[in-house]
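# Results of the structural survey
This is what each chain is made of:
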Amino acid sequence: MEDAKETAVSSQIVALQARIAQLEQQVSDYQHLEKKLQWLATFPEQNPNMVIETDLLGRPTYMNPEARQRFPELWQQGPSHPLLKGLRPIVAAFVDTDEEFVGREIDTGDAVLEQKVCYTMDGDVYRLRIYTHDITARKRAEEAIQELAKRIVQAQEEERQRISRELHDESGQALTALKIALEILQGDVPPEADGLRQNLGEAIALTDSARDQIRMLARGLRPPALDTVGLNLTLEDFCHTFGRRTQLAISYKGTKGLKLEDAANICLYRVLQEALNNVAKHAQASQVMVKLWQDETAVHLSIADDGLGFERKASAPPQSAGLGLLGMHERVELLDGRLEIDTKPGQGTTVIAHLPL
Ligand SMILES: Nc1ncnc2c1ncn2[C@@H]1O[C@H](COP(=O)(O)OP(=O)(O)OP(=O)(O)O)[C@@H](O)[C@H]1O
Ligand SMILES: [Mg+2]
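Residues numbered from 1 in each chain as written. Chains lettered and ligands numbered in written order. Predicted model: local features only at pLDDT ≥ 70, side-chain atom pairs only at ≥ 80, totals over all residues. Heavy atoms only, no water.

### Focus on the pattern of salt bridges
The test is simple: Think of a salt bridge as a Lys or Arg side-chain nitrogen and an Asp or Glu carboxyl oxygen that are within 4 Å of each other. Think of it this way: any DSSP run of H or I at least four residues long counts as a helix, any run of E at least two long counts as a strand, and we number them from the N terminus. Partly exposed residues are those whose accessible area sits between 20% and 50% of the maximum for their type, while under 20% is buried and over 50% is exposed, using a 1.4 Å probe and protein chains only.
Counted according to the given criterion, the structure contains 21 salt bridges. Between Arg222 and Asp262 there is a salt bridge, with the nearest N and O atoms lying 3.4 Å from each other. Here the residue Arg222 occupies a position in the loop between helix 6 (194-221) and helix 7 (225-228), and Asp262 occupies one in helix 9 (residues 262-283), the gap between them amounting to 40 residues. Using a relative accessible area of 41% as the deciding quantity, one classes Asp262 as partly exposed. The structure contains a network of salt bridges with shared partners spanning Glu105, Glu114, Arg138, Lys139 and Glu142.

Below you can see the structure in the form of structure tokens.
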């Protein structure tokens, strides 16, 4: 009897010990969780970037030390502060879609700030948590690079124009004078000096071809027609001349009367130049279609060939050994435009430049 009691008690003790161990494990789990929660709660406090929490109307409910220090007036100004403006459509997007956050950039004039706006819950209340960090230095550096690149292109064009004029006006005229002098000499050669006359004839022909070459070089550097007959005819003429020289069948369809800035004219001319050079060099095409057109917002130039096409990474700009595609991208982007390249091996290549008006 005593034995049976003892057995029952000891099995109860074992059960209780097991329960205690279980509870101890739970307490330790809770402690662990609490520590983690505490750590998470202090996180925004130590965050070197700004962390702001607002209600769904954009009224601040929390600011971490960095945010309090940078924008002390934000508590007062609430949703009218530049940092908290325009949150309404973002909230609407959160409600309508499954988006968890929206990224945006804010330029306050003094600073450029990158924001990540998240939809979160504080207990059972919806909140917006806004992580903000200052990217002013990076932005300004990028702008400086853009500005510099623009100036390099400009300087390059001015230099080309100068060399082109020099070649045309100085070297071209000198060769013309030389040719006239040679012709006069040829006229003075006595009839018996046949060899000399022939030599002079060859010198005249040489002078002629040198002058043609110089004229072509000068035109390539800066097509004078751009200033006189405008973009449309200049591009058309370029297509014809290029087609004749390379035996490529190029058809051209343009739009008359475009009034673009000089930089845009030059940009489109250079795009056509490089695109056609690429067709001649790489495409083995039989047909090229060039189109220039305009709509309300932009002017477009497309060059489509039916040649070999090529493999390229989806993300522009391209990483190739050549500078041509890269240069086209850069020129177009400097004017806030976009260059599209549509190509696949075996399916030809279409290059389209879009420039905003
Ligand atoms: N129309 C095209 N048809 C087929 N391949 C092309 C065409 N355009 C470009 N490519 C391919 O893309 C590559 C890059 O062209 P890109 O113009 O940048 O350089 P490149 O013509 O080789 O050299 P560069 O223009 O500097 O003289 C070319 O080498 C070629 O393989
Ligand atoms: Mg090229």
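Resuming the write-up.
### A word on the coordination of the magnesium ion (ligand 2)
For clarity, the cut-off: Listed donors are limited to N, O and S atoms within 2.8 Å of the metal, widened to 3.2 Å for Na, K and Ca; water is not among them, so incomplete-looking sites are possible.
The magnesium ion (ligand 2) binds to the protein through Glu274 (OE) and Asn278 (OD1), with metal-donor distances spanning 2.0 to 2.1 Å. Of this pair, Glu274 and Asn278 both sit in helix 9, four residues apart, roughly one helical turn. Look at Glu274 and you get partly exposed, because its relative accessible area is 22%.

### Quick look at the side chain of Asn232
Worth spelling out the cut-off: A 3.5 Å cut-off defines polar contacts: any pair of N or O atoms within that distance qualifies, except that in protein one atom must be a possible hydrogen donor and the other a possible acceptor, and neighbouring residues in sequence count only when both atoms are side-chain atoms.
In this fold, Asn232 is placed in helix 8 (residues 231-246). On the basis of relative accessibility, which here comes to 12%, the residue Asn232 falls in the buried class. Within the local environment of Asn232, its side chain forms a polar contact with the side chain of Tyr252, the two groups lying 2.8 Å apart. Here the side chain of Asn232 touches Thr255 through a polar contact of 3.4 Å, landing on its backbone nitrogen.

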